[in-house]
Amino acid sequence: MHGSVRHVSENLHPFEIAFFRLIFGLLAILPFFFRHGYGILRTSRLPMHILRGVINAGCMMGFFYALAIGPLARVTALGFSATLFTIVLAVFFFGEKVGLKRWTAIFIGFAGMLVIVRPGFADVGIESIITLAAAFGWAVCMIIIKDLGKTESAATITTYMSLTMAPIVLVPALFVWTAPTLYDYVWLVIIGLLGGLGQFAMANALKFGEAQVVLPVEFSRLIWISIIAYFAFGEVPGIYVWIGGGMIVAATTYNTLRESRRI
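Residues numbered from 1 in each chain as written. Predicted model: local features only at pLDDT ≥ 70, side-chain atom pairs only at ≥ 80, totals over all residues. Heavy atoms only, no water.

### Topic: a nonpolar patch on the surface
We apply this condition: Patches here are clusters of residues that have more than 30% relative accessible area and form no salt bridge, with a 9 Å joining cutoff for like charges and a 5 Å cutoff for nonpolar side chains (Val, Leu, Ile, Met, Phe, Trp, Tyr). Computed with a 1.4 Å probe, the accessible areas rest on the Shrake-Rupley method; for each residue, only the protein chains presented here act as cover. Every case where a carboxyl oxygen of Asp or Glu lies within 4 Å of a side-chain nitrogen of Lys or Arg is listed as a salt bridge. We count a stretch as a helix when DSSP gives it H or I for four or more residues in a row; a strand needs E for two or more, and each element gets its number in order from the N terminus.
A contiguous nonpolar surface patch, about 710 Å² in accessible area, is contributed by Ile-223, Trp-224, Ile-227, Tyr-230, Phe-231 and Val-236. The topology assignment puts Val-236 in the loop between α12 (220-233) and α13 (239-261).

### Details of the environment of His-36
As for its placement among the helices and strands, His-36 is situated in helix α3 (residues 30-36). Along the chain, His-36 and Thr-156 lie 120 residues apart, while their C-alpha atoms are 9.7 Å from each other.

### Some details on the packing of helix α6 (residues 82-94) against helix α8 (residues 126-148)
As a reminder of what qualifies: Structural elements are reduced to axes, namely lines fitted to C-alpha atoms, with helices fitted over the stretch in contact, and the angle between N-to-C directions of any two is expressed from 0 to 180 degrees. Roughly parallel means an angle under 35 degrees; roughly antiparallel means over 145; roughly perpendicular covers 65 to 115; every other angle is labelled oblique. Handedness of a crossing is defined here by the sense of rotation of the near helix relative to the far one, left-handed for an anticlockwise turn of less than a right angle and right-handed for a clockwise turn. Note on contacts: a residue pair qualifies if any of its non-hydrogen atoms lie within 4.5 Å across the two residues. Here the nonpolar group is Ala, Val, Leu, Ile, Met, Phe, Trp, Tyr, Cys and Pro; Asp, Glu, Lys and Arg are the charged ones; every other residue, Gly included, is treated as polar.
Orientation of α6 relative to α8, taken along the N-to-C sense of each, is 45°, at an axis distance of 8 Å. Here α6 lies oblique to α8, going by the angle between them. In terms of crossing hand, the pair formed by α6 and α8 is right-handed. Here Ala-82, Phe-85, Thr-86, Leu-89, Ala-90, Phe-93 and Phe-94 of α6 lie close against α8, whose contacting residues are Leu-132, Ala-135, Phe-136, Trp-138, Ala-139, Val-140, Met-142, Ile-143, Lys-146 and Asp-147. Residue classes in the contact of α6 with α8 are distributed as 14 nonpolar, one polar and two charged.

### Observations regarding the layout of surface pockets
Remark: the empty space left among the atoms is shown by a probe the size of a water molecule rolled over them. Formally: In this analysis the probe radius is 1.4 Å and the grid spacing 1 Å, with only protein atoms considered; a cavity is a set of points the probe fits into but cannot get out of, a pocket is an open set with protein on both sides within 12 Å along at least five of seven lines, and lining residues have an atom within 4 Å of a point. Grid points are joined across faces, edges and corners, and a volume is the space filled by probe spheres set on the points.
Counted as a void, the second largest pocket has a volume near 150 Å³. Around the second largest pocket, the lining comprises 13 residues; the ones closest to its centre are Arg-74, Val-236, Pro-237, Gly-238 and Val-241. When residues of the lining of the second largest pocket are traced back to their parent elements, those giving at least two are α5 (72-79) and α13. Its residues placed into classes, the lining of the second largest pocket shows nine nonpolar, one polar and three charged.

### Looking at the nonpolar core
Filter applied, for reference: What makes a nonpolar core is a set of buried Ala, Val, Leu, Ile, Met, Phe, Trp, Tyr and Cys residues whose side-chain atoms join them at distances within 4.5 Å. Summary of the burial criterion: residues with accessible area below 20% of their type's maximum are buried, those above 50% are exposed, and those between are partly exposed, where the area comes from a 1.4 Å probe applied to protein chains only.
Ranked by size, the top nonpolar core spans 50 residues in total, and within it Ile-17, Phe-64, Leu-67, Val-169 and Leu-222 carry the most contacts. Ranked by residues supplied to this core, first place goes to helix α4 (residues 46-69) with eight residues. When near neighbours in sequence (up to four residues on either side) are disregarded, Val-169 contacts Phe-15, Ala-18, Phe-19, Leu-22, Ala-57 and Met-61.

### Brief notes about the environment of Ile-130
Counting through the fold element by element, Ile-130 comes out in helix α8. Sequence spacing of Ile-130 and Tyr-65 is 65 residues, and the spatial spacing of their C-alpha atoms is 8.2 Å.

### Concerning the side chain of Ser-226
Positionally, Ser-226 belongs in helix α12. Setting aside anything within four residues of it in sequence, one finds Ser-226 in contact with Ala-73, Glu-235, Pro-237 and Trp-242.

### Looking at the environment of Phe-85
Within the secondary structure layout, Phe-85 lies in helix α6. For Phe-85, a relative accessible area of 14% puts it in the buried group. For the pair formed by Phe-85 and Phe-110, sequence separation is 25 residues and the distance between their alpha carbons is 9.2 Å. Those residues in contact with Phe-85, other than ones at most four positions away along the chain, are Phe-110, Met-113, Leu-132, Ala-135, Phe-136 and Ala-139.

### Section: α12
Our working rule: Expected span of a helix: the number of residues minus one, times 1.5 Å. Read the arc as the range of directions from the helix axis to the C-beta atoms.
Between its first and last C-alpha atoms α12 spans 19 Å; for 14 residues at 1.5 Å apiece the expected length is 20 Å, and the two agree. Residues of α12 that are buried include every one of Leu-222, Ile-225, Ser-226 and Ala-229, and no others. Mapping the buried residues of α12 onto a view down its axis gives an arc of 105°, with all of them on the same face. More than 90 degrees from the buried face of α12, the exposed residues found are Trp-224, Phe-231 and Ala-232. Phi for Gly-234, located one or two positions after α12, is positive at around 70°.

### Describing the confidence of the model for the chain
Put simply, the test is: Residue-level confidence of the predictor, termed pLDDT, takes values from 0 up to 100.
Residues at a pLDDT of 70 or more form 88% of the chain, whose mean pLDDT is 83. At the level of individual helices and strands, the chain shows its lowest average pLDDT in helix α11 (residues 211-217), which scores 61, and its highest in helix α1 (residues 2-8), which scores 94.

### Examining the packing of aromatic side chains
Put simply, the test is: Note on aromatic contacts: the rings of Phe and Tyr and the six-membered ring of Trp form a pair at centre separations within 6.5 Å, being stacked when their planes are under 30 degrees apart, edge-to-face when over 60 apart, and tilted otherwise. Whether a charge sits over a ring comes down to the Lys NZ or Arg CZ being within 6 Å of the ring centre and within 35 degrees of the ring normal.
By the definition in use, this model includes 10 aromatic pairs. Residues Phe-19 and Trp-177 carry aromatic rings whose centres are separated by 6.0 Å and whose planes lie at 65° to one another, so their mutual orientation is edge-to-face. Of this pair, Phe-19 sits in helix α2 (residues 14-25) while Trp-177 is found in the loop between α9 (154-174) and α10 (182-208), placing the two residues 158 residues apart along the sequence. An aromatic cluster is present here, built from Phe-19, Phe-20, Phe-24, Trp-177 and Tyr-185 joined pairwise through their rings. One cation-aromatic arrangement involves Arg-6 over Phe-233; the distance from NZ or CZ to the ring centre is 5.3 Å.

This is the structure we're talking about:
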């Protein structure tokens, strides 16, 4: 999906791509309506759903913009930091306990971010700043989802995410709108399908597989995006992207395993 976003961004603005990603993603929530009917929209926390939609929409637009202008491997690697931000925010908002070992892993993960960006040693691209901001925003969304989960079903949370984000993203997209060609529409459909398929695959991987097996495989995303970036766009990720990305993934995996095992 990341490679497809970069490809289509040669013709369309990333905000417009994000809008179509959400429009075609709406197809994924149709089964919820068939199963639960309009009762799925019943909620007493509409403002919180809207807040989550606003933040998530901003994150998607920012991330797609970063994919359009920055090295794909770097943007992908920095995106892994969202889980680290979530853990830190959970400490402040929910009072979750994080021991010395987990704080050490978090520190290593953030150090990995510095290895990738290398402030003071290399130009800090705007795409790096935008990606980290989007990752932090995603972390905030994860905190909101956790709070919503106390009273709302997963189906309701997912449905409101799709229904709120599409019109929110449409507003800025209209200011940079370009009429897509038939060729563009083909790729936009592919982006929507790949995004939905990726979410579905990860959800089922975590459902049927153990976390210690599934999460380290997350690092393979960096391998695949590097291959795509090389053959499709002639990009070669540097050694610092691999080292920093590995540090972030290792820290994320360790903290997730500690949480799942409660040790």
